[in-house]
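Chain residues, written in single-letter form:
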Amino acid sequence: MILDGKCPKGPIQTSWDRHRFDLKLVNPANKRKYKILVVGTGLAGGAAAASLGELGYNVEAFCYQDSARRAHSIAAQGGINAAKNYPNDGDSIYRLFYDTIKGGDFRAREADVWRLAQVSNNIIDQCVAQGVPFARDYAGYLDNRSFGGAQVSRTFYARGQTGQQLLLGAYSALARQVKAGSVKLFQRTEMLDLVVVDGEAKGITVRDLVTGEIRTHVGDAVVLATGGYVNVFYLSTNAMGCSVTATWRAHKKGAFFANPCYTQIHPTCIPQSGEHQSKLTLMSESLRNDGRCWAPKKKGDNRPPNEIPEEDRDYYLERKYPSFGNLAPRDIASRAAKEQCDEGRGVGPGGRGVNLDFADSIKRLGEDTIRARYGNLFEMYEKITDENAYKVPMRMYPAPHYSMGGLWVDYNCESNVPGLFVLGEANFSVHGANRLGASALMQGLADGYFVIPYTIANYLAKTKPGAVKADNPECKKSIEDIKAQTNKFLSINGKKTVSEFHRELGKIMWENVGMARSEESLKDALKKIPVLREEFWKNVKVTGKGEELNQQLENAGRVADFLEFAELMSKDALHRNESCGGHFRVEHQMPDGEAKRNDEDYCYAAAWEFKGVGNEPELHKEPLTFENVHLAVRSYK
Amino acid sequence: MSAHTSNTMTITLHVWRQAGPNAPGKLEQYEAKNVSPDQSFLEMLDEVNEDLIKAGKDPIAFDHDCREGICGMCSSVINGVPHGGQVRTTACQLHMRTFKDGDAIYIEPWRAKAFPIIKDLIVDRNALERIMQAGGYTSCHTGGVPDGNAILIPKPEADYAMDAAECIGCGACVAACPNGSAMLYTSAKVAQLSVLPQGKAEAAERVCAMVDAMQENGFGNCSNHYECQAACPKGISVKFIAKLNREYQKALFK
Ligand SMILES: Cc1cc2nc3c(=O)[nH]c(=O)nc-3n(C[C@H](O)[C@H](O)[C@H](O)COP(=O)(O)OP(=O)(O)OC[C@H]3O[C@@H](n4cnc5c(N)ncnc54)[C@H](O)[C@@H]3O)c2cc1C
Ligand code: FES
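Cut-offs applied
- Residues numbered from 1 in each chain as written.
- Chains lettered and ligands numbered in written order.
- Predicted model: local features only at pLDDT ≥ 70, side-chain atom pairs only at ≥ 80, totals over all residues.
- Heavy atoms only, no water.
- Domains from an automatic or database assignment.
- Contact = heavy atoms within 4.5 Å.
- Buried area = accessible area lost by both parts, 1.4 Å probe.
- Salt bridge = Lys/Arg side-chain N within 4 Å of Asp/Glu carboxyl O.
- Polar contact = N/O pair within 3.5 Å; in protein donor to acceptor, adjacent residues only side chain to side chain.
- Nonpolar A, V, L, I, M, F, W, Y, C, P; charged D, E, K, R; others polar.
- Phe/Tyr/Trp six-rings, centres within 6.5 Å; stacked < 30°, edge-to-face > 60°.
- Helix = DSSP H or I, 4+ residues; strand = E, 2+ residues; numbered from the N terminus.
- Buried < 20%, exposed > 50% of the residue type's maximum accessible area, 1.4 Å probe, protein only.
- Lys NZ or Arg CZ within 6 Å of the ring centre and 35° of its normal.
- Near = heavy atom within 4 Å.
- Areas by Shrake-Rupley, 256 points an atom, 1.4 Å probe, with all protein chains shown as cover.
- UniProt positions renumbered as here; feature names shortened; annotations may be inferred.
- Pairing = 2+ DSSP bridges.
- Axes fitted to C-alpha atoms, helices over the stretch in contact; angles between N-to-C directions.
- pLDDT = per-residue confidence, 0-100.

(A) Layout of the domain arrangement of chain B. Residue and element names in this part refer to chain B. For chain B, the assigned domains read domain 1 (9–117) and domain 2 (125–138 + 149–253). Here the C-alpha centroids of domain 1 and domain 2 sit 28 Å apart. Taken together, the contacts link 19 residues of domain 1 with 20 residues of domain 2. Across the interface of domain 1 and domain 2, roughly 1,400 Å² is buried in total on both sides, 61% from carbon and sulfur atoms. Broken down residue by residue, the surface that domain 1 buries against domain 2 is led by Arg88, Ala114 and Phe115, which jointly contribute 35%. For the pair domain 1 and domain 2, the number of links is one salt bridge. A salt bridge links arginine 125 to aspartate 63; the nearest nitrogen and oxygen atoms lie 3.6 Å apart. Along the contact surface separating domain 1 from domain 2 lie five residue pairs in polar contact (both at pLDDT 80 or more). When its residues are assigned to classes, the side of domain 1 that touches domain 2 shows nine nonpolar, six polar and four charged.

(B) How the structure looks around the packing of aromatic side chains. All names here are of chain A. Taken as a whole, this structure holds 32 aromatic pairs over all chains when the rule is applied. On the numbers, 5.7 Å between centres and 55° between planes, the contact of tyrosine 94 with phenylalanine 97 is tilted. Pair noted here: tyrosine 94 and phenylalanine 97 are both in helix H4 (residues 93–103), with a separation of three residues, about one helical turn. Note on phenylalanine 97: relative accessible area 0%, which makes it buried. Ring geometry for tryptophan 248 and phenylalanine 565: centres 5.8 Å apart, planes at 80°, overall edge-to-face. Highlighted residues: tryptophan 248 in helix H7 (residues 245–252) and phenylalanine 565 in helix H16 (residues 551–575), separated in sequence by 317 residues. On the basis of relative accessibility, which here comes to 3%, the residue tryptophan 248 falls in the buried class. Three or more aromatic residues link up through ring pairs in this structure, and these residues are Tyr229, Trp248, Phe257, Phe565 and Phe610. Positioned above the aromatic ring of tyrosine 411, the side-chain terminus of arginine 115 is 4.2 Å from the ring centre. The ring of phenylalanine 501 carries lysine 496 above its face, with NZ or CZ at 4.7 Å from the centroid.

(C) Quick look at the site of ligand 1. All names here are of chain A. Residues in close proximity to ligand 1 total 37 residues, the closest being Gln65, Ser73, Gly78, Met191 and Glu425. Tyrosine 64 is positioned such that a nitrogen or oxygen atom in its backbone is 3.1 Å from an oxygen atom of ligand 1. One nitrogen or oxygen atom from the main chain of methionine 191 is found 2.8 Å from a nitrogen atom belonging to ligand 1. For ligand 1, the protein covers 97% of the area, taking 1,000 Å² as the surface of the free molecule. Mapped by element, the contributors of at least two residues to the shell around ligand 1 are helix H3 (43–55), strand E6 (189–197), strand E15 (394–403) and helix H12 (440–460). In terms of residue count, E6 provides more of the shell around ligand 1 than any other element does, three residues in total.

(D) A look at the UniProt feature "active site" (unreviewed entry) in chain A. All names here are of chain A. The UniProt feature table records "active site" (unreviewed entry) at Arg330. The residue arginine 330 is located in helix H9 (residues 330–342) in this model. Note on arginine 330: relative accessible area 14%, which makes it buried. Those residues within four positions of arginine 330 in sequence are excluded, and the remaining contacts are Gln264, His266, Pro267, Glu285, Arg288, His401, Arg435 and Gly437.

(E) Fine view of the interface of chain B and chain A. If you look at the interface, chain B gives 80 residues, while chain A gives 77 residues. Between chain B and chain A, roughly 6,600 Å² of surface is buried when both sides are summed, and carbon and sulfur atoms account for 50% of that area. When the shortest N-O distance is used, the salt bridge between lysine 119 of chain B and glutamate 548 of chain A registers 4.0 Å. For the pair chain B and chain A, the number of links is 51 residue pairs in polar contact (both at pLDDT 80 or more). At the level of secondary structure, the elements contributing two or more residues to the side of chain B that touches chain A comprise helix H1 (41–54), strand E6 (117–119), strand E7 (122–123), helix H2 (126–135), helix H3 (155–165) and helix H5 (183–195) of chain B. Element by element, the count of residues in the side of chain B that touches chain A is highest for H3 of chain B, at seven residues. By residue class, the composition of the side of chain B that touches chain A is 35 nonpolar, 23 polar and 22 charged.

(F) Broad picture of unusual backbone geometry. Residue and element names in this part refer to chain A. Even without being a glycine, asparagine 85 presents a positive backbone phi close to 55°. Examined against the element boundaries, asparagine 85 turns out to sit in the loop between strand E3 (80–81) and H4. In this model, aspartate 198 sits at a positive phi of 50°, which is unusual for a non-glycine residue. Within the secondary structure layout, aspartate 198 lies in the loop between E6 and strand E7 (200–208).

(G) Region of the structure containing the sheet that holds strand E10 (residues 257–258) of chain A. All names here are of chain A. Pairing is antiparallel across the open sheet formed by four strands, whose spatial order is E16-E10-E18-E19. Looking at strand neighbours, the two that pair on one side only are strand E16 (406–407) and strand E19 (618–623), the edges of this open sheet. One ladder, built from two bridges, connects E10 with E16; its direction is antiparallel. Paired with alanine 258 across the two strands is glycine 406, which belongs to E16. Set on the sheet, H16 makes contact with E10, strand E18 (604–609) and E19; between it and E18 the angle comes to about 145°.

(H) The pattern of salt bridges, seen in detail. This structure, assessed with the given rule, holds 74 salt bridges over all chains. Across the salt bridge formed by arginine 188 of chain A and aspartate 63 of chain B, the nearest N and O atoms sit 2.8 Å from each other. Note that arginine 188 of chain A is positioned in the loop between strand E5 (183–186) and E6 and aspartate 63 of chain B in the loop between H1 and strand E3 (77–78), a pairing that runs across two chains. In terms of burial, arginine 188 of chain A and aspartate 63 of chain B fall into one category: buried. Here aspartate 314 of chain A makes a salt bridge to arginine 345 of chain A, at a shortest N to O gap of 3.7 Å. Highlighted residues: aspartate 314 of chain A in strand E13 (residues 313–314) and arginine 345 of chain A in the loop between H9 and strand E14 (354–357), separated in sequence by 31 residues. The residues aspartate 314 of chain A and arginine 345 of chain A share a single accessibility class, namely buried. Linked by salt bridges that have partners in common, Asp105, Arg107, Arg576, Glu578, Arg597 and Asp599 of chain A make up one network.

(I) Layout of the domain arrangement of chain A. Residue and element names in this part refer to chain A. What the domain assignment lists for chain A is domain 1 (265–400) and domain 2 (473–623). Domain 1 and domain 2 are separated by 31 Å when their C-alpha centres are compared. The interface is formed by 14 residues belonging to domain 1 together with nine residues belonging to domain 2. Among the residues of domain 1 in contact with domain 2, Glu275, Arg335 and Lys338 are the three that bury the most area, contributing 48% of the side total. Counting the contacts that link domain 1 with domain 2 gives one salt bridge. For the salt bridge of lysine 507 with glutamate 275, the shortest nitrogen-to-oxygen distance reads 3.8 Å. If you look at where domain 1 meets domain 2, you find one residue pair in polar contact (both at pLDDT 80 or more). Counting only elements with at least two residues in the side of domain 1 that touches domain 2, the list comes to H9 and E15. Sort the elements by how many residues they give to the side of domain 1 that touches domain 2 and H9 lands first, with five residues. Of the residues in the side of domain 1 that touches domain 2, the class split is seven nonpolar, three polar and four charged.

(J) Here's a closer look at the confidence of the model for chain A. The share of residues in chain A with pLDDT of 70 or more is 99%, and the mean pLDDT across the chain is 95. Between the elements of chain A, mean pLDDT differs from a low of 84, seen in helix H11 (residues 367–385) of chain A, to a high of 99, seen in strand E9 (residues 221–224) of chain A.

Printed below as a string of structure tokens:
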């Protein structure tokens with residue numbers, strides 16, 4: 001099937017305004033008759049639930065944490081982009097649009113990206129009105145910083161906790177609606193199934209994580225804003241509970257999964273310190289402004305870094321990319337670090353790390369200047385590693401960070417299943433094959449505050465409110481299925497824990513479907529994943545009962561889904577026989593190691609249809625056309 | 001430099017186990033073996049749990065998510081101190097190198113009247129949510145707000161608001177307070193919003209509503225022990241409590 005993103009035709013500059021006029025409305029008196037289920041309370045879901053509640057819809061919002069404020073958006077550090085052009089340095093909606101398309105290596109839909117750039121300015125205003133304490137200058141004006149992939153300063157920030165402050169803003173708007181009675185919150189509640197009635201999304205089946213109760217909530221539309229899936233790698237910068245479960249189970253009920261192979265590996269994270277490691281911590285990319293990356297020239301050189309003389313060091317980024325040096329783009333920097341370690345020249349425990357050395361900068365600028373620039377990062381680093389980076393180089397290693405892929409949606413953020421809308425990191429819409437820094441926060445809030453309130457009305461206006469009741473056979477069936485799965489987990493009583501399986505899956509994915517992928521590695525993954533999955537269903541051990549708080553059981557469901565999803569991700573990576581953005585196929589590279597796209601054959605979004613576990617999924621293509629930017633080789637030289 | 005040491009430790013744990021809200025609870029003893037100094041405190045608990053599961057026993061339930069000190073989910077009293085007593089450190093940021101081989105560690109849930117125990121180390125913190133819902137917001141609508149630079153905010157005020165806004169809502173302040181008061185938590189939000197021009201219009205109603213909610217939800221009064229500030233993993237200052245008191249007085253005499 002050729003998919004249609006249903007973008008407005010005509011000049012892109014006015015496309016969103018014209019589209020908004022064409023969308024149907026729901027009259028104010030009727031809004032409260034419609035119930036909308038919003039799964040996820042991060043930037044995307046929190047903003048959506050608050051805005052829809054304020055409009056008068058009857059909203060139920062769900063999250064697995066004990067508070068809406070704890071969604072993983074809370075962990076974002078750096079900042080949020082907007083095309084305000086406050087610094088007068090040449091920014092514009094067009095430039096933000098252009099940078100995002102180019103940053104995504106020409107694999108995103110133009111109209112969606114244009115809209116994102118257009119509403120970016122409203123986001124900043126909205127957050128200021130909520131009391132988000134953005135950084136300001138002494139005159140009281142909003143301050144900006146620069147981020148990768150852009151030559152203008154368009155990033156707004158709140159110290160190193162931008163995500164936290166934006167989320168607390170959305171959370172406060174949500175709290176206001178809870179008080180007003182328009183939003184009902186269900187915390188510690190996990191969505192485990194999508195209920196589809198006559199082809200349309202009309203409910204979700206959830207498990208109450210405190211009592212273990214499994215029940216269905218019915219509504220007139222379902223909004224998924226459940227975040228990203230990079231925990232498929234086991235170790236990542238995501239929170240422990242982040243999973244593919246909500247989107248995967250919607251996929252199994254008919255929603256297409258788009259570009260699952262597009263994942264972002266962030267170059268500067270604190271390396272794993274041992275087998276016990278449970279997650280990885282990101283360190284801001286800005287460190288590469290003053291830090292020099294190097295590895296010992298000799299394999300297995302165990303000397304402390306400060307005792308390795310200059311001539312025995314390889315400043316590999318400076319050597320390989322003389323024009324960009326240590327500021328080579330994210331994907332290149334990540335792959336280069338991996339290469340050093342693969343060759344046996346990595347540093348630190350397990351040899352999975354490279355040095356990020358500040359000694360020269362400290363000599364040149366003084367320790368105080370470095371402290372003023374990065375003090376909080378050095379402190380964070382010391383907390384985890386117990387090392388003083390003013391004295392010895394930091395050790396860094398790339399880590400899975402963000403998923404550009406997600407459920408396929410059209411311009412209205414509606415999936416191919418009518419009534420199912422997908423927002424934020426959970427959808428595939430705007431970042432193409434690579435996301436630029438400070439653009440995920442922007443997307444989440446754009447979708448939640450300024451897109452879904454308009455587009456959902458267009459669907460609801462065509463439906464009769466309350467058409468599906470809780471006693472619908474589809475609801476009953478869904479509950480039975482989930483109960484059966486729960487019982488299955490508890491009855492296997494095998495020998496390996498859920499975490500052991502997750503770790504093993506993570507290893508397969510990291511080694512074969514990570515920073516560098518080849519036909520061989522992907523085929524290897526496709527051989528190993530089903531074997532591991534089969535073993536999981538025979539040999540996993542989950543203790544306790546279903547009718548109680550049972551964290552092993554929660555985790556078992558998430559890992560079971562990753563074991564299925566991993567196969568689709570590998571298939572997508574194998575099918576995409578080109579390199580683009582974060583998807584790097586070693587067979588396709590430029591002489592300088594840059595990703596080599598193949599626009600002739602792969603200038604499309606790949607949307608996969610589920611055909612049963614272990615069965616060949618069906619590929620649907622949405623061709624991408626570029627009318628407002630010139631399809632060109634991405635270069636940052 | 002203690003990193004990369006291969007010396008592992010054996011630690012005796014005394015962990016609060018309680019099957020449910022109404023079940024009796026007691027401290028159980030476990031041995032954590034081969035603990036690496038580079039391991040985080042929660043990773044040490046993970047391994048104890050792996051052993052428990054393999055032995056067919058119920059693993060220790062504890063809250064956690066981000067494991068980098070920002071989500072506010074982790075919550076245990078470690079050797080009598082919420083989050084373990086390292087300066088500006090959450091339980092998930094605590095590393096085993098701060099302990100020695102042979103140490104005993106007591107691990108208990110937040111204890112406060114307003115936080116009923118759900119299971120083991122997990123408590124119900126919904127009372128904190130209800131304080132926010134009472135007034136922890138500005139009543140702006142989505143859309144229809146002025147340009148972000150239309151109202152200037154002097155840097156000192158923006159910084160003051162940010163200092164208060166760093167609260168992660170974990171509830172350690174409540175657990176540390178002999179009265180089980182949520183004063184630090186509540187005051188941080190009141191201070192943030194009352195210093196910003198966007199929040200001033202509703203300052204009086206807000207402080208009254210939030211203080212009322214605090215009292216209605218089972219939190220005790222503040223009698224200036226300041227244990228909250230000492231326990232706060234984000235270093236939120238008790239100066240915000242003074243600010244709340246001033247705002248409250250102003251509101252009463254309005
Ligand atoms: C360490 C880190 C730093 C980052 N820094 C930046 C930055 O500086 N700038 C930037 O732009 N981006 C940054 N990002 C990316 C950005 O933070 C995320 O992409 C974005 O916040 C995702 O928002 P979201 O609303 O889509 O999902 P999330 O915030 O992840 O929210 C997901 C929600 O869904 C709920 N949920 C999930 N599954 C279920 C289920 N099955 N049932 C019920 N509820 C469920 C969760 O409870 C949660 O409420 C960073 C990411 C990380 C990890
Ligand atoms: S787990 Fe998030 S703060 Fe500790």
